[in-house]
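Structure assessment
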Amino acid sequence: MSNLTGFVKRLRDIMRNDAGINGDAQRIEQIAWMLFLKVYDAKEQDWAWEDENYQSIIPQACRWQNWAHDDKSGKAMTGDKLLDFVNNRLFPVLKGRDIEDSNGKIQIPGVRVDASTPISKAIVQTTFADANQYMKDGVLLRQVLNIIDELDLSDYEESHAFGEIYETILKELQSAGSAGEFYTPRSIVKLMIMLLAPQAGESVYDPACGTGGMLIEAIRYMKGDKLTYGRIYGQEKNLATSAIARMNLFLHGAKDFRVTQGDTLRSPNYLWRGSLQTFDCVVANPPFSLKNWGAEQFSSDIYGRNLWGCPTDSNGDFAWLQHMVKSMNPKTGRCAVVLPQGVLFRSGKEGEIRKQLVESDKLECVITLTGGVFYSTGVSACILFLNNNKNADHRGKICLIDASGIYTPQRAQNVMTEEDIQKVYSLYSAYEDVIERVKIATIADIREKDYTLAINNYIEKKEQETIPPEEVRRQYFEAYEAMLRAEEKMKRLLLDGGYVSE
């Protein structure tokens, strides 16, 4: 992927210099859609070759070669011609294209993407609603198109390579601006999936799926086994972002998955006979400390998600956690969630909810991370791992891991490398006390400390060597006398050399 660095830099420069776009997130949504068309065109030949009944989901008029190039000259469209094409040909076709069957499912032989809004319509309707107003004279669009068109995809033949390109570029673009809310660093995602250890045939659900990175990592962990088909679920509040997630999963080769749009806390989409649907693995990086999330409705939640209480409307962290707990299969369910470290020690309603969380004996592990590993916030985060079926020797205990010192510093931010997450996972796997790193605390231990989970209250520190005052005094005068001798020697050398006089 050597050509990606320059590609991303050029797109970043346009994003930084343009004053006509409102927000980095909107930029990324638009670039993601154009990039999808480019990558889709490059990949589709392989899909068509694999299945003689293959039928494209992108109308011919909107294929990359037709929308990025002049049909006759093969050169990139420019100026009025480009804007005319976008306004009068591309958008109307995309918005009017019927690519669903009567059940609302996109029809691609071998691939069933069950979604409330088609891949193309969702992204175009929300991010390209008014091309005249947004693109003005078409200069910006032309610049972006030309850069994307130059991206050479000829070397990528592996089954997941195109999805990797797409995800890599999304990550880089999001880290460049304020849209990092959509992206969780890959290493953190991988660590969470390692904790969950999903097995082929188990269901995986992300209630705040963003661009789908956690679902993709879960599928990758299960090696894309056919038993994953129909067992991957995600919900995302932002319409355009949910569309990007579907594109991302699709380009990674995922088959028969469900990603729907909606407000999970107010209106969860996955239900079974009037109750919340439950899953074997539940994973998420929900928005930190979400305000105005719907506390009043949650306080009398019809699905019983307020099982330990209702947080205030100023902070939805424990609402997300309780939604995820309620979504865990009662027998096999596991849950891994990233939350700000404040959930470990804040008092009030959150303190009461945390007390019940501890007493439920579902919490198996808490991992505190170093600050600065997330693009969108400087808040220090932690991973909570819950399990409805703990090993017998883990019951009544919680593994508390201080991973704040396990990271690799880089110029722009701290990162956790593959080696770093393996260190953390090894500490969890060993499930034993390690000085300054791990404490296996019993529920009784935590009860004694008024249910705080602040890890520094439990981790055993190395004994600090204490030096008696008389020894400190002796060392001081010894050093002082050595300094006087060195000064006298220096003075003699300067005198002998004629550099100074008495």
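All of these numbers come straight from a predicted model, not from anything done at the bench. Throughout this document, residue positions are counted from 1 along each chain, in the order its sequence is written. Local features are withheld for residues below a pLDDT of 70 in this predicted model, meaning they are given only at 70 or higher, and side-chain atom pairs are given and counted only at 80 or more; totals for whole chains, interfaces and linings count all residues. The side-chain figures draw on all heavy atoms in the structure; neither hydrogens nor water molecules are used.

Below, the discussion takes up helix α15 (residues 418–430). Compared with an ideal rise of 1.5 Å per residue, which puts 13 residues at 18 Å, α15 spans 18 Å between its outermost C-alpha atoms and is within 8% of the ideal. One or two positions beyond α15, positive phi appears at Tyr431, with a value near 50°. Each helix is a run of H or I in the DSSP string that is no shorter than four residues. Each strand is a run of E no shorter than two, and both are numbered from the N terminus. In a helix, the anticipated span is given by 1.5 Å times the number of residues less one.

Only one rule defines a salt bridge in this text: a Lys or Arg side-chain nitrogen within 4 Å of an Asp or Glu carboxyl oxygen. The tally for this structure, following the rule as stated, stands at 14 salt bridges. The shortest N-O distance in the salt bridge between Glu359 and Arg447 comes to 2.9 Å. Residue Glu359 is located in helix α14 (residues 349–359), and its partner Arg447 is located in helix α16 (residues 443–448); the two are separated by 88 residues in the primary sequence. Note on exposure labels: buried denotes an accessible area under 20% of the residue type's maximum, exposed denotes more than 50%, and partly exposed covers the range between, all computed with a 1.4 Å probe on protein chains only. Note on Arg447: relative accessible area 42%, which makes it partly exposed.

Further remarks concern unusual backbone geometry. Glycine aside, residues mostly have negative phi, and peptide bonds are mostly found in the trans state. The residue Asp361 is not glycine, and still its phi comes out positive at about 60°. The residue Asp361 is located in the loop between α14 and β10 (363–369) in this model. Not every positive phi belongs to a glycine, and Asp450 is a case in point at roughly 60°. Mapped onto the elements, Asp450 comes out in the loop between α16 and α17 (469–496). Judged by relative accessible area, Asp450 falls into the exposed class, the value being 63%.

A few words now on empty space enclosed by the protein. Whether a set of points on the 1 Å grid over the protein atoms alone is a cavity depends on a 1.4 Å probe fitting there but being unable to get out, while an open set qualifies as a pocket with protein on both sides within 12 Å along at least five of seven lines; lining residues are those with an atom within 4 Å of a point. Grid points are joined across faces, edges and corners, and a volume is the space filled by probe spheres set on the points. Counted according to the given criterion, the structure contains 2 cavities of 30 Å³ or more. In this model, the second largest cavity occupies a volume close to 30 Å³. Every residue along the wall of the second largest cavity is listed here: Tyr205, Pro268, Asn269, Tyr270, Leu276, Gln277, Phe279, His323 and Ser327. Classifying every residue of the lining of the second largest cavity gives 5 nonpolar, 4 polar and no charged. Residues were grouped as follows: Ala, Val, Leu, Ile, Met, Phe, Trp, Tyr, Cys and Pro as nonpolar; Asp, Glu, Lys and Arg as charged; and all remaining residues, including Gly, as polar.

Glancing now at the side chain of Asp301. Within the secondary structure layout, Asp301 lies in the loop between α12 (295–299) and α13 (317–326). Asp301 gets classed as buried once you look at its relative accessible area, which sits at 9%.

So, about the environment of Glu217. With respect to the helices, strands and loops of the structure, Glu217 is situated in helix α10 (residues 213–221). Separated by 26 residues in sequence, Glu217 and Leu191 have C-alpha atoms that sit 10.0 Å apart. Here, residues are in contact when the closest pair of their heavy atoms is within 4.5 Å. In contact with Glu217, not counting residues within four places along its chain, are Arg186, Val189, Lys190 and Ile193.

On to the nonpolar core. Residues Ile367, Ile383 and Ile401 are the most contacted members of the largest nonpolar core, which totals 46 residues. At 8 residues, helix α9 (residues 186–196) tops the list of elements feeding residues into this core. Excluding residues that lie within four positions of it along the chain, Ile383 makes contacts with Ile188, Leu191, Met192, Leu195, Val337, Val338, Cys365, Val366, Ile367 and Leu369. If you look at the next biggest cluster of nonpolar residues, it comprises 35 residues, including Leu357, Val358, Leu400 and Ile459. Put simply, a nonpolar core is a bunch of buried Ala, Val, Leu, Ile, Met, Phe, Trp, Tyr and Cys residues held in one set by side-chain atoms that sit within 4.5 Å of each other.

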